[in-house]
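Here is what each chain is made of, one letter per residue.
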Amino acid sequence: MGAGVALASAELWWSPQFAEAAAIHPKFPKEPPFEALRPFIAPGSDEFACEAEALDTYRALDRLLNERKLPLDPSFGGDDPNPAFAQWVDALGEVRSVRYFPLEDGLVRYEIASRDAQGLAYRVGEWRMRWSADGLLTDFEPLHESVARSDRPLFSDATASYFGHADSFREQLAHGIPYWRARLDLASGIDIYGQNGIAVGDIDGDGWDEVYVCQPGGMPNRLYKRGSDGAFPDITEAAGVGLLDDASAALFADFRNCGLQDLVVLGSAGPVYFVNQGEGKFRLREDAFHFASSPGGAFTGMAAADYDGDGRLDLYLCCYIYFQSEDQYSYPSPYHDSRNGPPNFLFRNRLTDDGEGIFEDVTAAVGLDENNDRYSFAPAWCDYDFDGRPELYVANDFGRNNLYKFDGERFRDIAAEAGVEDLGPGMSAAWLDVHGEGKPDLYVTNMWTASGRRVVHDPEFAPVAVKGLTEPYRRHTKGNSLYRNRGDGSFEETHQAEMGRWAWSGDGLDFDLDGAPEILVASGMLTEPSGEDKPDLMSFFWRQVVAETSFEAAPSTGYQEGWNALNQFVREGYSWNGFEPNVLYRFSDDRALDVSGVSGLDVALDTRSFAATDLDGDGRLDLLLKNRLGPQVQAFINESAAERHVIVVELEGTKSNRDAIGAWVVAEHAGGRASAGSSPARAISANTRSASIWAWANLVAPPSSPSAGRPVRSKPSRTYLPSIATVSSKAKASPSGQH
């Protein structure tokens, strides 16, 4: 029977009918749509001629300093600029770094850090250059140049001294996100973006701030305390604050007005509240936040203020939608002014003295559901008109920002009438007195991109060529915005301190004690250290993603496929606006001077946020940077205050919240007036020491709080006499132009 069955099977196998029925037609996996866009990664590979021209310009500029001359075309008009150019190159001294940025309409920005006989120098300027088809200059016009000088870096890296002894720092924080993504199961929650902040606060009242470091999913957050030897050992386990969930931001504040700094950690899935029980220990309350509606995205930034004047700090939380996969992404559409983002939340503080009670969601009840549909990164509170109630500014990506004003019952969005909508890719916001007028000005960080500036001027860029959206897309590429407080409830844009690369956190603090704040901007999107030989994706982003945007609310197919391709390529080792150093501005004579190249802070580690505190007890603000790459935390000592005295003023609320958050301190001194605000969260995922204002010398009137209504006590502390380097600006002749 077995043979018969075998024979029958063999006959069936070889029958023509069976052969036809059993024919195998293999189906190979369909090529994913993003592969069709891979040939366009490199600039110059598509219809945007501006990018091919920029590549040629880069190659020519790369040779300039070595050859000490400009490649002039026979048709070059005017005097030969090469003798002056050679002198200028010789004057640079030892060149430490050079960066060139071909822009629109023949503009070229250059940044040159060098060391000469006078010390460190940093030149920033622009030329206008016209090129022949043969790559020779037909026209060369120096436009302007600024020079910052210092005999040493304004900040010195002391990371090893403060954190290098901690095992958790060496084993965990010394490595960046790419390192850990290659070693952790992605199911742990670790993502590619590295949007994890840092916070400082004095949790035990010993006069020194502890440092809390947020981490991606799968790795514990870390808490460090200053020891008697000045180093920061890890006290995470003892304090009970080592969350493993993805954490975007953290905030220390006295939410109970009890003299203890509680801790709120903002995870991508929501906030958690730690009650400070004293003696450096916390109790986790997972049920403290009561939402009236479910969150629609990941949480990003938060800020605290007493919006209703009941003496307790309330919290505003921002939400965003990050790309996870094609099936889990809401494409911002239209790109320049999207209205399909997740809602943000305002929580009223209803805690009891013992840490029970709740944070109550009052978003809709107080009117904050108005224009609450964008991709939000960071909130910033400030009573900028001194009416006794803090206003709320919200920085939104892909469109307009919000400025909410509270009338005692409801908030209303007044950004348009106040002149601060700032349409663009909003990343963070900060209030600061840049002009020494005693009034809070507003600084908003966005994105400055050379490729973006070129592409939006190209005739192939449809949003401008077809729809005429010139101004919206200029704003999406021009960089940061500084708004001057007119004093009548409105603001004027100053067009200063705009270049901040792909900016994240930005804030203004008076590091050098000259009475005016310096502005620090954390810069850089995604750097893949192993991908230096691959083209950066920023040009691709503008050519194959933004240029394909729909002009309606629904995203176009090309726009969606561009986003999908971009997010695939960044996971293959490509950088996207990578290798971008941080930016520092100093103000002199009401003018912003880029001092990044002498700052010591110009690291290109995808810095996301920073916190300011006095690490060494000399009364000056030092810095902690939180980076996406390793080391994730860097400690920098402030060496910039020259021979200036400092007075540190600590504020304590009596009828207001105990931390005096929302106070605005004005100091009258021999040289004029300066002021600063007290706020625990003035930038995305970062915070400055909540109850301290760093003031300056030669005070002739005591500090005060013009935001009044709820008094504070000021407690002057020790006076110090630091002595270090100075920074100056110099005008230069050709080829740097005049300024």
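Keep in mind it's a predicted model, so treat the numbers as computed, not measured. (Residues numbered from 1 in each chain as written. Predicted model: local features only at pLDDT ≥ 70, side-chain atom pairs only at ≥ 80, totals over all residues. Heavy atoms only, no water.)

Caption draft 1: Main features of the nonpolar core. Among the nonpolar cores identified, the biggest contains 71 residues, and Tyr335, Phe461, Phe541, Trp542, Trp563 and Trp576 are the most heavily contacted of them. Elements with a contribution of two residues or more to this core: strand 3 (119–131), strand 18 (375–382), strand 26 (503–509), strand 27 (518–523), helix 14 (538–545), helix 15 (557–569), strand 30 (607–613) and strand 31 (622–627). Judged by nonpolar contacts, the second largest core, of 22 residues, contains Val264, Leu313, Leu315 and Leu351. (Core = buried A, V, L, I, M, F, W, Y, C linked by side-chain atoms within 4.5 Å. Buried < 20%, exposed > 50% of the residue type's maximum accessible area, 1.4 Å probe, protein only. Helix = DSSP H or I, 4+ residues; strand = E, 2+ residues; numbered from the N terminus.)

Caption draft 2: The arrangement of the pattern of salt bridges in detail. Under the defined criterion, the tally for this structure stands at 51 salt bridges. Among the salt bridges present, the one from Lys225 reaches Asp206, with a minimum N-O distance of 2.7 Å. Note that Lys225 is positioned in the loop between strand 8 (222–224) and helix 9 (236–239) and Asp206 in the loop between strand 6 (198–201) and strand 7 (210–213), a separation of 19 residues in sequence. The exposure class of Asp206 is partly exposed, given its relative accessible area of 35%. (Salt bridge = Lys/Arg side-chain N within 4 Å of Asp/Glu carboxyl O.)

Caption draft 3: Up close: the packing of helix 14 against helix 15. Taken N-terminus to C-terminus, the directions of helix 14 and helix 15 make an angle of 160°; their axes are 9 Å apart at the nearest point. With respect to helix 15, the element helix 14 is oriented roughly antiparallel. In this structure, helix 14 meets helix 15 at a crossing whose hand is right-handed. Between helix 14 and helix 15, the contacting residues are Phe540, Phe541, Gln544 and Val545 on the first element and Gly558, Tyr559, Gly562, Trp563, Ala565, Leu566 and Phe569 on the second. When the residues that make up the contact of helix 14 with helix 15 are grouped by side-chain class, the tally is eight nonpolar, three polar and no charged. (Axes fitted to C-alpha atoms, helices over the stretch in contact; angles between N-to-C directions. Parallel < 35°, antiparallel > 145°, perpendicular 65-115°, else oblique. Left-handed = near helix turned anticlockwise from the far one by under 90°. Contact = heavy atoms within 4.5 Å. Nonpolar A, V, L, I, M, F, W, Y, C, P; charged D, E, K, R; others polar.)

Caption draft 4: Molecular detail of helix 3 (residues 49–62). In this model helix 3 runs 20 Å from its N-terminal to its C-terminal C-alpha over 14 residues, within 8% of the 20 Å that 1.5 Å per residue would give. What helix 3 keeps buried is the set Cys50, Glu51, Ala54, Thr57, Ala60 and Leu61. On the buried face of helix 3, the contacting elements are helix 4 (64–67), strand 1 (94–102), strand 2 (107–116), strand 3, helix 11 (450–455) and helix 14. (Expected span 1.5 Å × (residues − 1).)

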